[in-house]
Amino acid sequence: MAIQTETQDSPLTIAGKTFHNRFLLGTGKFRSKTELTESITASGAQIVTVALRRIDLERHEENIIEHIPKGVTLLVNTSGARNAKEALRIARLAKASGCGNWIKIEVINDSKYLLPDNYGTIKATEMLVAEGFIVMPYMYPDLYVARELVKAGAATVMPLGSLIGSHQGLKAKEFIKILINEIDVPIVVDAGIGRPSQAAEAMEMGADAVLVNTAVAAAGNPAQIAQAFSLATAAGRLAYLSKLPAIKSHANSSSPLTGFLFEE
Amino acid sequence: MISLQKIKNILAQQKPEEVERLAREANQITQHYFGRAISLYAPVYISNYCSSHCTYCGFHVHNRIDRMKLTPDQMHKEMSHIAGSGIENILILTGESYKATPLAYLKEAVEIAKQYFSSISLEVHPMEEAEYRELFEAGVDGIAIYQETYHRQRYAQVHLSGKKKDYDYRRSAPERIARAGIRQISMGILLGLADDVGEDLYELFEHLRWMEKNFPGVEYSLSFPRLRPIKGLGFEPCSVTDLTLIKVICLTRICFPRVGINLSTRENAQLRNRALDLGITKISAASKTSVGGYTAENPEELDPQFDIQDERSVDEIVQMLKHRKFDPVFTDWRRIENESAA
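Scoring rules and cut-offs
- Residues numbered from 1 in each chain as written.
- Chains lettered and ligands numbered in written order.
- Predicted model: local features only at pLDDT ≥ 70, side-chain atom pairs only at ≥ 80, totals over all residues.
- Heavy atoms only, no water.
- Helix = DSSP H or I, 4+ residues; strand = E, 2+ residues; numbered from the N terminus.
- Rg over C-alpha atoms; globule rule 2.2 N^0.38 Å.
- Buried < 20%, exposed > 50% of the residue type's maximum accessible area, 1.4 Å probe, protein only.
- Contact = heavy atoms within 4.5 Å.
- Areas by Shrake-Rupley, 256 points an atom, 1.4 Å probe, with all protein chains shown as cover.
- Phe/Tyr/Trp six-rings, centres within 6.5 Å; stacked < 30°, edge-to-face > 60°.
- Lys NZ or Arg CZ within 6 Å of the ring centre and 35° of its normal.
- 1 Å grid on protein atoms, 1.4 Å probe; cavity = no way out; pocket = protein on both sides within 12 Å on 5 of 7 lines; lining within 4 Å.
- Points joined across faces, edges and corners; volume = space filled by probe spheres on them.
- Nonpolar A, V, L, I, M, F, W, Y, C, P; charged D, E, K, R; others polar.
- Pairing = 2+ DSSP bridges.
- Axes fitted to C-alpha atoms, helices over the stretch in contact; angles between N-to-C directions.
- Patch = residues over 30% accessible without salt bridge, like charges linked within 9 Å, V, L, I, M, F, W, Y side chains within 5 Å.
- Salt bridge = Lys/Arg side-chain N within 4 Å of Asp/Glu carboxyl O.
- Parallel < 35°, antiparallel > 145°, perpendicular 65-115°, else oblique.
- Left-handed = near helix turned anticlockwise from the far one by under 90°.

(A) View of the overall build of chain A. Of regular secondary structure, chain A possesses eight helices and 10 strands. Radius of gyration (C-alpha) of chain A: 20 Å, near the 18 Å computed for a compact globule of 264 residues. By its C-alpha atoms, chain A is 85 × 40 × 35 Å across when sized along the principal axes. Burial status across chain A gives 53% buried among its 264 residues. For chain A, restricting intrachain contacts to residue pairs at least 6 apart in sequence, the fraction spanning at least 24 positions comes to 64%. Of the roughly 12,200 Å² of accessible surface on chain A, 53% is carried by carbon and sulfur atoms.

(B) How the structure looks around the packing of aromatic side chains. Residues and elements named next belong to chain B. All chains considered together, the criterion is met by seven aromatic pairs over all chains. Their ring planes at 65° and their centres at 6.3 Å tell us that Trp-210 and Phe-215 sit as a pair that is edge-to-face. Judged by its relative accessible area of 39%, Trp-210 falls in the partly exposed class. Among the residues examined, Phe-215 registers a relative accessible area of 12% and is labelled buried. Its end group placed over the ring of Phe-326, Arg-36 keeps NZ or CZ at 4.1 Å from the ring centre. Against the face of Tyr-41 rests Lys-282, its NZ or CZ located 5.6 Å from the ring centre.

(C) The arrangement of empty space enclosed by the protein in detail. Residue and element names in this part refer to chain B. Under the counting rule described, the total for this entry stands at four cavities of 30 Å³ or more. Of the voids in this model, the second largest cavity is the one considered here, and its volume is about 70 Å³. Elements with a minimum of two residues in the lining of the second largest cavity: helix 2 (16-34) and strand 1 (37-45). If you tally residues by element for the lining of the second largest cavity, the top one is helix 2, at four residues. Counted by class, the lining of the second largest cavity contains six nonpolar, five polar and two charged residues.

(D) The sheet that holds strand 3 (residues 23-26) of chain A, seen in detail. Residue and element names in this part refer to chain A. In spatial order, the strands read 8-7-6-5-4-3-10-9; together these eight strands make up an open sheet with parallel pairing. Every interior strand has two partners, whereas the edge strands, strand 8 (158-159) and strand 9 (188-190), have only one. As paired strands, strand 9 and strand 10 (residues 209-212) are joined by three bridges and run parallel to one another. When the bridges of strand 10 are listed, Val-188 appears paired with Ala-209. Packed onto the sheet, helix 3 (residues 118-130) meets strand 6 (102-105) and strand 7 (134-139) and runs at close to 180° relative to strand 7.

(E) Representation of a nonpolar patch on the surface in the model. Among the surface-exposed residues, A:Tyr113, A:Leu115 and A:Tyr140 lie close enough to one another that they form a single nonpolar patch of about 280 Å² accessible area. Tracing the backbone shows A:Leu115 in the loop between strand 6 and helix 3.

(F) The pattern of salt bridges, seen in detail. Residue and element names in this part refer to chain B. Across all of its chains, the model carries 31 salt bridges over all chains by this definition. Here Lys-164 makes a salt bridge to Glu-148, at a shortest N to O gap of 2.7 Å. One end of the pair, Lys-164, is in the loop between strand 6 (159-161) and helix 7 (167-171); the other, Glu-148, is in the loop between strand 5 (142-144) and helix 6 (152-158), and 16 residues separate them in sequence. A salt bridge links Arg-209 to Glu-212; its shortest N-O distance comes to 3.0 Å. On the criterion of helical spacing, the pair formed by Arg-209 and Glu-212 is a turn pair, its members being three residues apart in helix 9 (residues 197-214). Given the relative accessible area of 22%, Arg-209 is considered partly exposed. You can call Glu-212 buried: its relative accessible area is 10%. Members of the salt-bridge network, linked through shared partners, are Glu-96, Glu-148, Lys-164 and Arg-170.

(G) A look at the packing of helix 1 (residues 33-43) of chain A against helix 8 (residues 222-241) of chain A. All names here are of chain A. It is at 8 Å that the axes of helix 1 and helix 8 come closest, and there the two elements cross at 30°. By the angle between their axes, helix 1 is roughly parallel relative to helix 8. In terms of crossing hand, the pair formed by helix 1 and helix 8 is right-handed. Within the contact between the two elements, helix 1 uses Glu-35, Glu-38, Ser-39, Ala-42 and Ser-43 and helix 8 uses Pro-222, Ala-223, Ala-226, Gln-227 and Ser-230. For the contact of helix 1 with helix 8, a count of residues per class yields four nonpolar, four polar and two charged.

(H) Representation of unusual backbone geometry. Although it is not a glycine, A:Ala191 sits at a positive phi angle of roughly 85°. Mapped onto the elements of the fold, A:Ala191 is located in the loop between strand 9 and helix 6 (196-204). Exposure remark for A:Ala191: the relative accessible area of 7% places this residue in the buried category. We note that B:Glu148 has phi near 70°; this positive angle belongs to a residue other than glycine.

This is the structure we're talking about:
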């Protein structure tokens, strides 16, 4: 289980619901449903994403929902949606299937790079919010788009760290920082995080949470790495709250420019 | 893009250690992009009427087989049988007869399939964009259309008459399918038709690359069926060894990390089991390749399009997958009401 820290941290609040664990887990690509359940438990993740396309409603034993521990918030993603209208239909289907109304919007019209279509994502956010869904859009970190998403009623903004499943880490770091500075809803860094150290890095710079999937599912010991990610996320958060001194590229003598003013 | 010469060099490679190296690379890429997920599907042949003469095919217009197409009642019977085995992805196939299996007939089959399956694909004659759009709006998620061979001369030698003789109409079908909004397109070559597998593979890769650039939103998959000798046809397929097939699969995975690769029951159980590690993402299970073959009282009297090499049931395939730490995926798409983009 993730360590409990004695800090004054306030919980992560999304759409009025509070979470104490800032590590979110995706459920794709696991070798077995057992490894998935173990990973959720070991990490203490309180929010997990599931692709509606992979929910086997007809088959009890294979139904991924049955393998998610009770009390965990289900965030259904719209994987497969190529435009806003398809995202809306998938969301409606998810709700009608009993999967709740928390939706991670994925509008992707490129099967090679799987980059989100920011324009379609804004439209989808508007449409889903209008129908009462709690919307967490996955997006390419662009300040104007993030503002539009907030205006449209997004509960969080989920910028990609780098290409999904790439393990490249925070390639988009500088742009995510801008979102952290300017956007008031929680920023959840999603996609590309392949190492616990990268999760910690995202949290140190002020992200509110991170979402990881492939790096856990494809690991030799998914439960163990899930726990490592969760601990790294908590450690990064703790570091952020501690107000880390900035990194300097050179040694810093105390007052080389103005010290003379105070010489006696 | 990989060069033709490089493809040829790899296909000519006989050293076990080099083949192993290729396989390891393909294995790693597959695990990275697809994890251990393997999708399952089943084919349902609803008609064997055909108006084309393709010298290698058991359904061709001049072959004396019992021609039949399923009535709606028979479709219900076949499809409910398949759904009963657990399959949720269906591939509906016909011979290539525009008269016997027109668009209206295909749409009827799709309407029936919607009652049993979460995802529907078709492998039928090529058609116009507007017709593909009608199929998309009717609920079709995927279309399979194989060029068979990209070698024009060879294509002309084996496609003697009928609409299929038109190389360019077939070659341009994937583009029309994509324009119509269909979300999954499966392309491929029939191994054993062309003498030079390398050239065919290169042309297929170029075709796919062009499709990816122009229609990036489509989910692509490739198939590499190997031609099987068919009784009475007098057609001698070129020999494509297991080694070549495996190298083709590995090369495809390395060149197109995210593209799906299908493997049918044309191949035997052992080869199919092995190929799972190298890039295959979708396999059929418990297939019948004759019209009405799932529920016929005397299935041995029917004429299959090709003989099945892997007779395992859906349950047996699932057990094998789980035993080998793969995750069998029955549903990878949940049908939503399809609407063409304005």
